[in-house]
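What follows is the residue order along each chain.
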Amino acid sequence: MLVSCNSHLPKVGEPLMCAFSQGEYRERTSRLRQQMTERGIDALLILNEGNMNYLTGYAGYSDYVPQLALVCQDEEDPWLILREMDIVAAEATSYLPQSRILSYPEKYIGSGQLTAWKPISDLVRERSKSSRIGVELSGKMLGVKGHAALSKSFGVSEFIDADGMVSTLKAIKSPAELTYMEQAGKIVDKAMQVGRIAISVGARECDVAATISHALHAGTPEFPGSASRGFAMNVGSPANAVHLAWTDEKYKMGCQTILELGAFRHRYCSALSRTVFLGEPTARSRHVHQACLDGFLAAFDAIRPGVKSDDVERAFRHEFEPRGVRKESRIGYSIGIDWTDGGPSIQHGDETVLHANMTFHLIIGIFEKTDGYIFSETIRVTDSGAKSLSNMSRDLLVNC
């Protein structure tokens, strides 16, 4: 699946590789330029790192400093504009030639007086004189000061809000993208299984987490894991706190563990969540599990091309709400590069029509004062309905 990129460059160590063919990257940019025409955008500044990866293959984790991909309406390929230190990583992972990978000096990093958005805007201006500029305004490193610096450099008071443009393209996955996500699905299944087995009386939470982390990164003999964005692991009685990590405490009988894991292949994620009980669950916990599972299955069965996200959420509510368990959060979201990929959500009011090869993290999470539970799988929309990327058991998980 991996293809050689930038073979014209001098090779140091391993061959230069990127995740997709030059043709697939260019096809993505072509579709984006069509959107730009519809929106009246001549130059588009892509600040989201996952979107930069989607368009160019650049695989660095460097979004703690200003950087972007520039797409010009009249050019086939984007430009990458990065800090100088990141140039080698871009040459190693992007399909772009060296001539389209630009940098600004290191003196702009960590400076209280200088802003990197000034040299970045100068590099953009050299390639587009248009005032019809689109910007991903929610970009991580832009902020109020960055926006002001760009506005001053470009001489415009307002940019065209380009948030969501690339996410629209990312929603429907290509066969190659689906392959990576299916491979990640096998990895996350393995990590969940070894994590569940490691939970026992006297075990340290951190050691269970280390076991899971090793499985996520080692992957399987066929598919090694890629760099991880982390995972959530909360232990309690009940475990009703969301988005927390493990502690240095030891396991005791009677607690439960919420595991929300994500495995990655070339930045493409498959997520999986389960709740593990150490000792006999209470009657209430069993009730919550069954309510969540039945609601999940109702939503799963409702997924098919042509229905709306809101229809899927309604099917879930019809089955779940009579059970007397409170849940106000959404039940799913588009998943792909770097986990959440900015696409549609499965929630009330989302009118997005589902299409084949969309992928969602279908997640039923309960985080209330007296109830804690999580159950999820990554699913693909197929012509005949939903297909899970997990083979993990859906039974109540109890360790004795």
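Data block above holds the structure.
Basis of the calculations
Residues numbered from 1 in each chain as written. Predicted model: local features only at pLDDT ≥ 70, side-chain atom pairs only at ≥ 80, totals over all residues. Heavy atoms only, no water. Pairing = 2+ DSSP bridges. Helix = DSSP H or I, 4+ residues; strand = E, 2+ residues; numbered from the N terminus. Contact = heavy atoms within 4.5 Å. Axes fitted to C-alpha atoms, helices over the stretch in contact; angles between N-to-C directions. Buried < 20%, exposed > 50% of the residue type's maximum accessible area, 1.4 Å probe, protein only. Salt bridge = Lys/Arg side-chain N within 4 Å of Asp/Glu carboxyl O. Nonpolar A, V, L, I, M, F, W, Y, C, P; charged D, E, K, R; others polar. Polar contact = N/O pair within 3.5 Å; in protein donor to acceptor, adjacent residues only side chain to side chain. Core = buried A, V, L, I, M, F, W, Y, C linked by side-chain atoms within 4.5 Å.

Asks: Sorry, what's going on with the sheet that holds strand β7 (residues 133-135) here?
Replies: Each strand in a sheet pairs with another by means of backbone hydrogen bonds, the pair being arranged parallel or else antiparallel. As summarised here, the arrangement of the 6 strands in space is β6-β5-β4-β3-β7-β8, forming an open sheet in which the pairing is mixed. A single partner strand is all that each edge strand has here, and the edge strands are β6 (101-104) and β8 (160-161). When strand β5 (residues 79-83) meets β6, the two strands line up parallel, connected through 4 bridges. Looking across to β6, one finds that R83 is bridged to Y104. Strands in contact with helix α4 (residues 117-125) are β3 (43-46), β4 (68-72), β5, β6 and β7; relative to β6, the strand with the most contacts, it is inclined by about 145 degrees.

Asks: How should I be thinking about the environment of I366 in this particular structure?
Replies: On the secondary structure map, I366 appears in strand β14 (residues 359-367). Here I366 falls in the buried class, since its relative accessible area comes to 0%. Expressed as a C-alpha distance, the spacing of I366 and K327, which sit 39 residues apart in the sequence, is 6.0 Å. Excluding residues within four positions of it along the chain, I366 makes contact with V288, C292, F320, V325, R326, K327, D371, G372 and Y373.

Asks: Looking at this structure, I do not really get the pairing of strand β12 (residues 332-336). What am I missing?
Replies: Walk down a regular strand and you will see the side chains alternate between the two sheet faces. The buried fraction of β12 amounts to 5 of the 5 residues, a majority that puts the element mostly inside the structure. As paired strands, β12 and strand β13 (residues 339-346) are joined by 4 bridges and run antiparallel to one another. Following the sheet pairing, G332 is matched in β13 by I346. As consecutive antiparallel partners, β12 and β13 are separated by 2 residues, and within that stretch D338 has a phi angle of approximately 60 degrees, a positive value. With 3 bridges joining them, β12 and β14 adopt antiparallel strand pairing. For G332, the partnering residue across the bridge sits in β14 and is L362.

Asks: Whenever I open this one, the pattern of salt bridges confuses me. Can you help?
Replies: Here the idea is simple: oppositely charged side chains can pair when their charged atoms come close. Going through the model one piece at a time under the given rule, you end up with 31 salt bridges. A salt bridge links D341 to K173; its shortest N-O distance comes to 3.1 Å. Here D341, found in strand β13, pairs with K173, found in the loop between α6 (165-170) and α7 (175-198); they are 168 residues apart in sequence, far enough to count as distant. Assigned by exposure class, D341 and K173 land together as buried. With a closest N to O distance of 2.7 Å, R317 and E313 form a salt bridge. Here E313 and R317 lie together in helix α10 (residues 309-320), a separation of 4 residues that amounts to about one turn. For the pair formed by R317 and E313, the shared burial category is buried.

Asks: Before we go on, may I ask you to explain the packing of helix α1 (residues 22-39) against helix α2 (residues 49-56) in this structure?
Replies: Two measures define how a pair of helices packs: the angle their axes make with one another and the distance between the axes. Interaxial distance between α1 and α2 falls to 7 Å at its minimum, and their mutual angle equals 115 degrees. Across the interface between the two elements, Y25, R28, T29, R31 and L32 of α1 pack against N53, Y54, L55 and T56 of α2. Classifying every residue of the contact of α1 with α2 by side-chain character gives 4 nonpolar, 3 polar and 2 charged.

Asks: Where do I start with α2 in this structure?
Replies: The periodicity of an α-helix, 3.6 residues per turn, causes residues three or four places apart in sequence to face the same way. Counted residue by residue, α2 has 8 buried out of 8 residues, so it is predominantly covered. When α2 is considered as a whole, its buried residues turn out to be E49, G50, N51, M52, N53, Y54, L55 and T56. For α2, the capping residue at the N-terminal end is N48, with a side-chain oxygen 2.9 Å from the backbone nitrogen of G50. One or two steps after α2, the chain reaches G57, where phi turns positive at roughly 90 degrees.

Asks: How should the nonpolar core be read in this particular structure?
Replies: Generally speaking, a soluble globular protein has its nonpolar side chains buried in company with each other. Formed by 42 residues in total, the largest nonpolar core has its most connected members in L32, L44, I46 and L80. Setting aside residues no more than four positions away along its own chain, L80 makes contact with M52, T56, Y58, L68, A69, A90, S94, L96, R100, I101 and L102. Formed by 28 residues, the second largest nonpolar core is a distinct cluster that contains F320, V325, M358 and V381.

Nothing here speaks to function; it is all geometry.
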